[in-house]
Each structure stands twice: as C-alpha cells, then as structure tokens.
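Chains, contacts and geometry: an overview
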Amino acid sequence: MRIAALCGMGFGTSMMLKLAVEDVLAAEGIKGEVLSWDVGSFRSQQVDVVVASSDMRRQLEGAEVPVALIDSVVNKDEIREKVLAAIREHQAEGG
Amino acid sequence: MEIIFFIIELLQLPAIILGLIALAGLLLLRKPANQVVTGTFKTVLGMLIIGVGIGAIIDALIPIQNMFEAGIPVGPEGAGLETFVTFDEAVVGAVQDANVAGVGGIIAYTLLFGFLFHLVLARITPFRYVYLTGHMIWIHAGAFAILFHSFDIPDVAAVAAASIATGAYFTLAPALAQPVMRKITGNDEIAFGHGQTLLNMLGAGVGKLIGNPEKTTEEIEVKEGWNFFRDIAISTSIVMLAVAAFAAVLAVIQVGIGGFQEEISNGQNWLVFALLRGVGFVAGMLVLLYGVRMLIAEIVPAFKGIAEKVIPGAKPALDVPVIFPFAPNALLIGLIVGVIAQIVAMVALGLIGWPVPLPSMIVAFFASGAGAIFGNATGGRRGAVAGGFLWGFVGWFMISFAFKFQVFGDLTEMGAAGLAFTVPDAIVPGILIWLVARLFGIA
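For the structure given in this document, a descriptive report is provided here. (Residues numbered from 1 in each chain as written. Chains lettered and ligands numbered in written order. Predicted model: local features only at pLDDT ≥ 70, side-chain atom pairs only at ≥ 80, totals over all residues. Heavy atoms only, no water.)

1. What about the overall build of chain B?
Scanning chain B for helices and strands turns up 13 helices and 6 strands. Computed over C-alpha atoms, the radius of gyration of chain B comes to 22 Å, within 12% of the 22 Å expected from 2.2 N^0.38 for 443 residues, which places it in the range of a compact globule. Along the three orthogonal principal directions, the C-alpha set of chain B runs to about 70 × 65 × 50 Å. The buried share of chain B, reckoned over its 443 residues, is 57%. (Helix = DSSP H or I, 4+ residues; strand = E, 2+ residues; numbered from the N terminus. Rg over C-alpha atoms; globule rule 2.2 N^0.38 Å. Buried < 20%, exposed > 50% of the residue type's maximum accessible area, 1.4 Å probe, protein only.)

In structure tokens:
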C-alpha cells in the first residue's frame, strides 16, 4: 500500500498529514508507505490512495485512485475515518 | 592522523551536521535500524540536492539580471536597475551550501539549539505552542544565524544569540497570531506556524479598521479559473517567462539583436536564450524544493516526537495551508490583488532607485493569499483585499530595504548572489537587531 499525502509545496501540510496517516496505519496494523508530495507532480508517483486537505478538491478531480479529502488536518478521527474509507475503496477495486 | 583530519573536516559540513541531527532524532524515536540509516542518508542527500537546485537558480538569474542591466540605461547617479529574487529557501540553501567561513555549520547548530530553546520556552511560559513547519524552522534558524554571523562576534556567541532569537520567534509568533486564528478556524486547536505572521497581522489590523467581518468573502462567487495559478510550477513558469522576455526586449532595444547575441547570449538567439532562463529558474526551484522536502522529512517527525514528550497537549503551529480550507475565496482574492500589489511596488521601487524584487507567485499565493484570509477574518471583503494588497506592497518595500542595506550581511559574498529573504518574521526582527548592532558598532 502506497499512500501520497499532498499539499501545495509537498512538505508542510502534507508532512503533518503523512505523520497522522502513519499513526492510523500503525494502529490498524496496515502495512504501507506514506509519502509527502506536492499536488502539482504527484501523478508521477505510483500510489494507491491520496490524502489531501479539502481545499485541493478541484485539483484532485479525475484522480485515478481513491482520494481522502480532510477538512481539519489536526482532527485525528476525521483523518482515520476518511483514510480507512479510501483504503477500503482501493481494496474493493481489487488493489 | 589523516583519519582525524578527515573526521574533523567531515563534521564541519552542514549536510553532515544536519544528517547527525536527523540521526539523533531517529534514534530517540527508537526507529528500526534500516529507517535510521535511510533517514540519515536522505537528510544528507537533501542538503546536497538543495545545492544542485541553487546552482541552476543562480545560472538562470545572473543572465536575467544582465539583461536588465543592459536594458535599463545607467541613470544620472550611475545606478541602473537592480533586480533580485526573493526566495527564503534559496537564500538559506545557497549560504549553507557555499559554507563560507563555516556559516553552514552555524545554521545547522542554530536549527537544533533554537528548536530546543523553543521547547524550553513553550514548557515554562504560558505560550504552549509547538512550531512544526519544517522549512520555516530551517529558514528562521538560517536567517538569524546568518544575521548574527555577519556581526563581529565569535561563532559560539553567534550560535547562542541566533538560537535565542529563533526559539523566541517560534514561541511568540504563534501566540501573536492566535486571536485571529481563532476567528479563522472557529476553534482553538491549530496555531499559525509560518514566517508571514507580522504582515498577516498587519492585514488583520487594517481589515478591522476598514471592514466588517460579517461581509465575508465566502459568500461571493469567485471565478474558479484562477485556481490553475495554484500550481506553483505552472504559474511561476508563466511569470518568469514574462519577466525574462521583458528583460530581453529591454536589452535588445538598447544594444540591438546583434549586440545581445554577442555580449549576453554567446551567439544564441536572444529570445530563445531569455525564455530558457525563465523556465530554467523554475526547474532549479523544483529541484530545490525536492531537496527541502528530503531535508526536513526526517527532522520534522523527530522534532514532533520530542515535543510531544516534553510538552504534552501543546497546540501545533502549522504551515499556512491549514487555513486555506476555511476561506478559499479570500485565498484567490489575495492571489489576484497580491500580484497587482507586487507590480505596483516594483514600479514604485524602480522609480525611487531601490533594488526591485522580481514578482513571486509563491508569495502571491501563499503570503498574499494568507494575508487576505487574515484580513477577511477581521474585515470581510475589504479586509481581504487590504490584507492581500498590503502583504505584496509593504512586503516588497521591506524586502528591498533588507537587500539594499544588507541587513543580513553581504549575501553575495556568502554564496546567495541576487537572492533575498521574504518572510517578515525574519526581516523585521532582523532589521531591529541590525540597528542595535550598528549602534554598538558590530554590524
């Protein structure tokens, strides 16, 4: 499982999201790698799930993988819920 | 003996010092051995990649400046138009990479001790914030380290003074912004951790005077078409192509196509030469940002892990995009008026003969956009316009001032030719400290 956490520059907000998603994976016992990346070039990366702040909605329209859009990057419950939903969606697609 | 010389010289390399800081953090977090090794290596590589990006940026900027110099005839006082690029990561990266007189090591130690001092302050003062924006931690440590290093004081004193300034900044700036952050986010969970604080607060202050927070930007329709400007690579390419083409046309008017290709472009077609420099800048910028990402990817988790142990329950001060979802319209308004403000300020600075910062889409989007969100929180639509405009306009004068008077020392000599700091949280305290140092005759 490869998950990309995104933001505009690829190292601020996405870094915080990456750390939160890593906590979720560890707690749920899911094996995976999380990268922080910039929204402009993440398509060059092979990933299974994308996590981003919800203001990126428009840039992520038409993404080929499940997307978790987070309203509050400090809300651990929201992140867990949306990321797990996106992971389930990915698994349902046979990934 | 040879091995000792090897180790001593190795330990003076900024990349190695930063790698050791990451190593210590990874060990402290009890990461598995393979992650410790790869994390340390990636930090070192990140610093070296930054150096590669800097090289490409400077290779693009020097010809652009040459074109402006050729294009704008020397005035009566002998001063032509001086242009430069305002880009914090590039300044710190270039200075650390060149490592003139060991300043790169001073930056690395300030990064470590400044953050540790910040944790002490956050622990013992009522300001329980933890500043977690990795590139801003590096930039402010860099700015204050460069500032104190430029004074006539010993290196140890420079590290100590810079660490105190950096730690105080990390602690006080989030506290200063928090009243407005509560208005923006509607709660008290997130703090603001970005070097824009002072100019954003100016926007919020002016917004309060002239506007009404009830008339929020978020009730109006903003054309979504502007959204494509949010892709920094594309919007910066467009702007830098325009800047380079403009400079080339000015130069051709003065020296002619023949003169241009003889003196400036070494035989290459003048317009091709100019356009390549424009996109070359962006290519360098992207490499630089990739390096920054690798550099801080290991240090931030370590700092976060330590902070959680030392100050449980502290509010995280986070990078500026955390406020974007709360006011996307204000963000776009800020981007548009921010570009206008930069151009107005450039013309004004050119007219008074001060150095002119070239337009920056990173600043227009991330800074003027945030200034507009702060202004909207206190003064609605008028506040948003004022916040976005003031950031660009006042910011450009402030940036030009610091460049003109070499507040941070001779950056050209330190390896950052044609580059300057952007963030007011480093420049404003920098100017104040510099004035005091001049008073004591050490600057």
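2. Looking at the overall build of chain A
A count of helices and strands for chain A gives 2 helices and 4 strands. Secondary structure elements in chain A, listed N-terminal to C-terminal, are β-α-β-β-β-α. The C-alpha radius of gyration computed for chain A amounts to 12 Å, which stays within 12% of the reference 12 Å derived for 95 residues, consistent with globular compactness. For chain A, the spread of C-alpha atoms along the three principal axes comes to 30 × 30 × 20 Å. Here chain A holds 95 residues, and the buried ones make up 54% of them. Summarising the internal contacts of chain A: among those between residues at least 6 apart in sequence, 52% fall at separations of at least 24. (Contact = heavy atoms within 4.5 Å.)

3. A closer look at the nonpolar core
If you look at the biggest cluster of nonpolar residues, it comprises 170 residues, and the most contacted ones within it are Met67, Phe87, Phe281, Ile323 and Leu419 of chain B. Discounting chain neighbours no more than four positions away, the residues touching Phe281 of chain B are Ile57, Ala60, Leu61, Val85, Phe87, Thr236 and Met240 of chain B. Ranked by size, the runner-up nonpolar core spans 12 residues in total, among them Ala4, Phe42, Val47 and Met56 of chain A. (Core = buried A, V, L, I, M, F, W, Y, C linked by side-chain atoms within 4.5 Å.)

4. Digging into the pattern of salt bridges
Two side chains that carry opposite charge are able to pair once their charged atoms sit near each other. Residue and element names in this part refer to chain A. In this structure the tally under the stated criterion is 10 salt bridges over all chains. For Arg80, the salt bridge goes to Asp77, with nearest N and O atoms at 3.7 Å. With a gap of 3 residues between them, Arg80 and Asp77 both fall in helix α2 (residues 76-92), about one helical turn apart. Judged by relative accessible area, which is 47%, Asp77 ranks as partly exposed. Residues Glu78 and Lys82 are paired through a salt bridge, measuring 2.7 Å at the closest nitrogen-oxygen approach. Residue Glu78 and its partner Lys82 are both found in helix α2; the two are separated by 4 residues, about one turn of the helix. Counted as one network, the salt bridges with shared partners bring together Asp71, Glu78 and Lys82. (Salt bridge = Lys/Arg side-chain N within 4 Å of Asp/Glu carboxyl O.)

5. Considerations on the packing of helix α1 (residues 13-28) of chain A against α2 of chain A
Residue and element names in this part refer to chain A. Their axes nearest at 10 Å, the elements α1 and α2 cross at an angle of 70°. By the angle between their directions, the pair α1 and α2 is classed as roughly perpendicular. The interaxial crossing formed by α1 with α2 has right-handed handedness. For the pair α1 and α2, contact is made by Leu17, Ala20, Val21, Val24, Leu25 and Glu28 and by Ile79, Arg80, Val83, Leu84 and Ile87, respectively. Residue composition of the contact of α1 with α2, grouped by class: 9 nonpolar, no polar and 2 charged. (Axes fitted to C-alpha atoms, helices over the stretch in contact; angles between N-to-C directions. Parallel < 35°, antiparallel > 145°, perpendicular 65-115°, else oblique. Left-handed = near helix turned anticlockwise from the far one by under 90°. Nonpolar A, V, L, I, M, F, W, Y, C, P; charged D, E, K, R; others polar.)

6. Structural notes on the sheet that holds strand β1 (residues 2-7) of chain A
Residue and element names in this part refer to chain A. Read across the open sheet, the 4 strands follow the order β2-β1-β3-β4; overall the sheet is parallel. Strand pairing shows two members of the sheet lacking a second neighbour, β2 (33-38) and β4 (67-70), which therefore form its edges. This sheet shows a mean twist of 20° between the axes of neighbouring strands, independent of strand direction. Relative to strand β3 (residues 49-53), β1 is paired through 4 bridges, and the arrangement is parallel. Across the sheet, Ile3 pairs through a bridge with Val49, a residue of β3. Contacts from α2 reach β1, β3 and β4 within the one sheet, and its direction differs from that of β4 by about 170°. (Pairing = 2+ DSSP bridges.)

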